[in-house]
Amino acid sequence: ETGVTQSPTHLIKTRGQQVTLRCSSQSGHNTVSWYQQALGQGPQFIFQYYREEENGRGNFPPRFSGLQFPNYSSELNVNALELDDSALYLCASSRTSGYNEQFFGPGTRLTVL
Amino acid sequence: AQSVTQLGSHVSVSEGALVLLRCNYSSSVPPYLFWYVQYPNQGLQLLLKYTSAATLVKGINGFEAEFKKSETSFHLTKPSAHMSDAAEYFCAVSGNRDDKIIFGKGTRLHILP
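These lines cover the structure that appears in this document, whether it is placed above or below. A quick note: this is a predicted structure, and the numbers were derived from the prediction, not measured.

1. Observations concerning the sheet that holds strand 7 (residues 64-68) of chain A
Within a beta sheet, neighbouring strands are joined by backbone hydrogen bonds and run either parallel or antiparallel to one another. All names here are of chain A. Pairing in this open sheet of four strands is antiparallel, and the strands run 1-3-8-7 from one edge to the other. Edge strands, defined here as strands with exactly one partner in the open sheet, are strand 1 (5-7) and strand 7. Mean inter-strand twist for the sheet, computed between neighbouring axes without regard to direction, equals 20 degrees. Both strand 7 and strand 8 (residues 74-78) contribute to a ladder of five bridges, which runs antiparallel. Counted as the bridge partner of Ser 65 is Asn 77 from strand 8.

Structure below.
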């Protein structure tokens with residue numbers, strides 16, 4: 001059984017640019033959640049996608065957007081990058097909507113210069 | 001609303017000694033509580049969770065945690081530390097299985113030889 005994978009592992013962008021991060025969910029999982037983990041902090045919930053629809057959102061501005069595809073993989077898009085967007089972005093998948101059976105990927109480290 | 005406070009951003013214990021990582025929570029409803037571990041350059045792995053069943057919860061790798069409602073605590077313990085336990089540990093809370101998870105800021109555990 002393949003676990004949650006994320007790409008790329010590292011990314012460097014400049015302020016004002018746009019970025020797309022990708023996540024492949026674990027086999028049999030139809031729900032994907034995205035988290036932002038700033039240095040020295042715990043993960044903060046960005047949003048969740050369940051069966052291709054947004055199913056909950058944290059306190060992040062609209063320039064953070066997402067997609068989920070029919071195969072349940074997902075993208076996180078961030079427009080107009082700011083320096084504070086530098087963080088580890090974690091994707092977690094689960095069999096159903098909800099949060100108590102999530103499996104996390106290794107993350108994408110985004111650096112904004 | 002839910003929140004967690006982890007006491008001590010860094011904890012050091014000798015190999016073979018007791019591990020105690022402290023977590024206090026705040027929740028307006030009976031909480032779901034979690035402990036996650038994050039090894040360097042990896043995603044989060046669920047150690048254990050409390051979902052209103054037994055108050056003493058046993059997890060993987062010899063860890064356990066006890067839910068104490070009167071103290072609003074969910075401390076993580078392990079009788080004998082191993083070098084491989086060195087990692088970042090996150091306590092987390094949610095209001096129910098469909099509510100987003102709120103993470104603490106984490107405690108880095110150092111194991112001294």
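2. A few points about the state of the cysteines
Scanning the entire structure with this criterion turns up two disulfides over all chains. Paired by a disulfide, Cys 23 of chain A and Cys 91 of chain A hold their sulfur atoms 1.8 Å apart. Looking along the S-S bond of the Cys 23 of chain A-Cys 91 of chain A disulfide, the torsion reads about -55 degrees, which is the left-handed sense. Here the residue Cys 23 of chain A occupies a position in strand 3 (residues 19-24), and Cys 91 of chain A occupies one in strand 9 (residues 87-94), the gap between them amounting to 68 residues. Of the two residues, Cys 23 of chain A and Cys 91 of chain A, neither departs from the other in class, the shared state being buried. Put simply, Cys 23 of chain B and Cys 91 of chain B are joined by a disulfide, and their sulfur atoms are 2.0 Å apart. In this structure the cystine formed by Cys 23 of chain B and Cys 91 of chain B twists about its S-S bond by roughly -65 degrees; its chirality is therefore left-handed. Remark: Cys 91 of chain B occurs in strand 9 (residues 87-94) and Cys 23 of chain B occurs in strand 3 (residues 19-26); sequence separation between them is 68 residues. Of the residues examined, Cys 23 of chain B reaches a relative accessible area of 0% and is grouped as buried.

3. Section: the packing of aromatic side chains
As enumerated under the stated definition, the model contains 14 aromatic pairs over all chains in all. Seen in terms of ring centroids, Tyr 35 of chain A and Phe 45 of chain A are 5.8 Å apart; in terms of plane orientation they differ by 65 degrees. Their pairing is edge-to-face. Taken together, the residues Tyr 35 of chain A in strand 4 (residues 31-37) and Phe 45 of chain A in strand 5 (residues 44-50) connect sequence positions 10 residues apart. As far as the burial class goes, Tyr 35 of chain A and Phe 45 of chain A line up, both buried. Their ring planes at 50 degrees and their centres at 5.5 Å tell us that Tyr 36 of chain B and Phe 103 of chain B sit as a pair that is tilted. Of this pair, Tyr 36 of chain B sits in strand 4 (residues 32-38) while Phe 103 of chain B is found in strand 10 (residues 102-103), placing the two residues 67 residues apart along the sequence. By way of ring pairs, the aromatic residues Tyr 35, Phe 45 and Phe 104 of chain A together with Phe 34, Tyr 36, Phe 90 and Phe 103 of chain B are connected into one cluster.

What counts and what doesn't
- Residues numbered from 1 in each chain as written.
- Chains lettered and ligands numbered in written order.
- Predicted model: local features only at pLDDT ≥ 70, side-chain atom pairs only at ≥ 80, totals over all residues.
- Heavy atoms only, no water.
- Pairing = 2+ DSSP bridges.
- Helix = DSSP H or I, 4+ residues; strand = E, 2+ residues; numbered from the N terminus.
- Axes fitted to C-alpha atoms, helices over the stretch in contact; angles between N-to-C directions.
- Disulfide = S-S within 2.5 Å.
- Buried < 20%, exposed > 50% of the residue type's maximum accessible area, 1.4 Å probe, protein only.
- Phe/Tyr/Trp six-rings, centres within 6.5 Å; stacked < 30°, edge-to-face > 60°.

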